[in-house]
Amino acid sequence: MNAAPKIDLLDLSREQLAEVLKRHGQPAFRAKQIHRQLHVNLVAAMTEMSDLPKALREELAAELQIGSLTLATVHEGDHGMTRKALFKLPDGSPVETVLMVYPDRATVCVSSQSGCPMGCVFCATGRLGFLHDLTAGQIVEQVYWAERLLRASDFPVKKLTNVVFMGMGEPFNNYDQWRTSVDILHDPEGFNMGARSYTVSTVGLVPGIRKLADDPLPINLAISLHAPDDETRSALMPVNKSFPIASLLDSVKDYTEKTNRRVSFEYVLLQEKNDFPEQADLLGRLLRKSEIRPALMHVNLIPWNPVPGAPLGRSHRKRVLAFQEGLHKHGVPCTIRVERGVDIGAACGQLAGTA
Ligand code: SF4
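No experiment lies behind these values; they were computed from the predicted model shown.

What counts, and at which threshold
- Residues numbered from 1 in each chain as written.
- Predicted model: local features only at pLDDT ≥ 70, side-chain atom pairs only at ≥ 80, totals over all residues.
- Heavy atoms only, no water.
- Salt bridge = Lys/Arg side-chain N within 4 Å of Asp/Glu carboxyl O.
- Helix = DSSP H or I, 4+ residues; strand = E, 2+ residues; numbered from the N terminus.
- Buried < 20%, exposed > 50% of the residue type's maximum accessible area, 1.4 Å probe, protein only.
- Axes fitted to C-alpha atoms, helices over the stretch in contact; angles between N-to-C directions.
- Parallel < 35°, antiparallel > 145°, perpendicular 65-115°, else oblique.
- Contact = heavy atoms within 4.5 Å.
- Nonpolar A, V, L, I, M, F, W, Y, C, P; charged D, E, K, R; others polar.
- Pairing = 2+ DSSP bridges.
- Domains from an automatic or database assignment.
- Buried area = accessible area lost by both parts, 1.4 Å probe.
- Polar contact = N/O pair within 3.5 Å; in protein donor to acceptor, adjacent residues only side chain to side chain.

**Side note on the pattern of salt bridges**
So, step 1. One pass over the structure, following the stated rule, counts 19 salt bridges.
So, step 2. Measuring nitrogen to oxygen at the nearest pair gives 3.8 Å for the salt bridge that ties Arg210 to Asp250. Of this pair, Arg210 sits in helix H7 (residues 206-213) while Asp250 sits in helix H9 (residues 245-259), and the two are 40 residues apart along the sequence.
So, step 3. With relative accessibility at 37%, the residue Asp250 sits in the partly exposed group.
So, step 4. For Arg337, the salt bridge identified is with Glu266, shortest N-O distance 2.4 Å. Here Arg337, found in the segment after strand S14 (334-336), pairs with Glu266, found in strand S12 (residues 263-269); they are 71 residues apart in sequence, far enough to count as distant.

Here is the structure:
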């Protein structure tokens, strides 16, 4: 008979952890000790909890574990300032995480699913199809991997400043686990990462945007737009058939009115697909017409990163600059993303679960 799977301690809230310890006849302070070891000291194994009696560690280890991802490979790019980790779930499905270190900040891009069901044609993850939703603990574990790396290295920054939920998967398809992971990371008695440090990126799932609008935590929102008209967008992103541009922008307008938070529209530039000057003009007019206040929106242009087998091209630099200029003419704030990780397949849209 197979043994019952162990409980991942990173999945447990403080209350749940206290319950488990109570079942083991332990006083309340033990739960606090373990919580601190997990979320402040970031221990990766029960044996590292040196302030716990050995017998208790052994007893707990029979039922509990810390994390459930297995690190398969780590690749370095951008002269060591970008690291891409490939983890495996217990069944071998891939999960990728990218740490990007800058002179004054460090960002980790984490996955919320293994694979992705959304099928955007320019994205390597979309080509894998959907494999799994990640648990909150598995999302948190990716963040802790990056933080441990920073603490142990000679990087100029020793602590993560940002977590972006832009890796594999669509976070709003796994809303509850994703949101629980933010609570765990935000816990002032735990990892204590500030509320403004999080950015969630969505393909444009309107119910998720509306739900986030009611969230008291000021999580930053990024929306993958990628086209100024429904025909082009539906060809690139099947989700547009369910949530066309008008309904998407309507939900974003309501979101900004309710929260007064700025949203970022992501726009991946594909040569002669969505990068024509007329499309920049159309996008500028569309955003102005949307009634979203210009101060609360921003367009992030992303020159497409090659994905093997995708019949698409990367926009030439001149076209990228012209597109930006086209948006500026309409008074739409717009920047071109500084790229990271292209050399190791870690850039936007390149995560394909390959070593
Ligand atoms: S771009 Fe995002 S939502 Fe689209 S297929 Fe890739 S991972 Fe999924």
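What follows continues from the structure just given.
**Examining the packing of H7 against H9**
So, step 1. As a packed pair, H7 and H9 sit with axes 9 Å apart at the nearest point and diverge in direction by 5°. The angle between H7 and H9 falls in the class roughly parallel. Note on element contacts: H9 touches H7 through Ser247, Leu248, Asp250, Ser251, Val252, Asp254, Tyr255, Lys258 and Thr259, opposite Val206, Ile209, Arg210, Leu212 and Ala213.
So, step 2. Of the residues belonging to the contact of H7 with H9, the class tally is 7 nonpolar, 3 polar and 4 charged.

**Points about the sheet that holds strand S3 (residues 70-77)**
Strand pairs in the sheet, formed through backbone hydrogen bonds, run parallel or antiparallel to each other.
So, step 1. Across the sheet, 10 strands lie side by side as S3-S4-S5-S6-S9-S10-S11-S12-S13-S14; this open sheet has mixed pairing. The outermost strands of the open sheet, each flanked by one partner alone, are S3 and S14. Across the sheet, the mean angle from the axis of one strand to that of its neighbour is 20°, orientation sign disregarded.
So, step 2. Examined bridge by bridge, strand S5 (residues 94-101) and strand S6 (residues 106-109) share 4 bridges and lie antiparallel to one another. Each bridged residue has a counterpart across the sheet, and for Val101 the counterpart in S6 is Ala106.

**A look at the domain arrangement of the protein chain**
So, step 1. Partitioning the protein chain into structural domains gives domain 1 (7-65) and domain 2 (70-344).
So, step 2. Computed over C-alpha atoms, the centres of domain 1 and domain 2 are 34 Å apart.
So, step 3. Taken together, the contacts link 12 residues of domain 1 with 14 residues of domain 2.
So, step 4. In this assembly, domain 1 packs against domain 2 so that about 1,100 Å² is buried in total across both faces, 49% of it on carbon and sulfur atoms.
So, step 5. The three residues of domain 1 that bury the most area against domain 2 are Leu10, His39 and Leu42, which together make up 48% of that side's buried surface.
So, step 6. In this assembly, domain 1 and domain 2 are joined by 2 salt bridges.
So, step 7. Measuring nitrogen to oxygen at the nearest pair gives 3.1 Å for the salt bridge that ties Arg14 to Glu189.
So, step 8. Joining domain 1 to domain 2, the criterion identifies 8 residue pairs in polar contact (both at pLDDT 80 or more).

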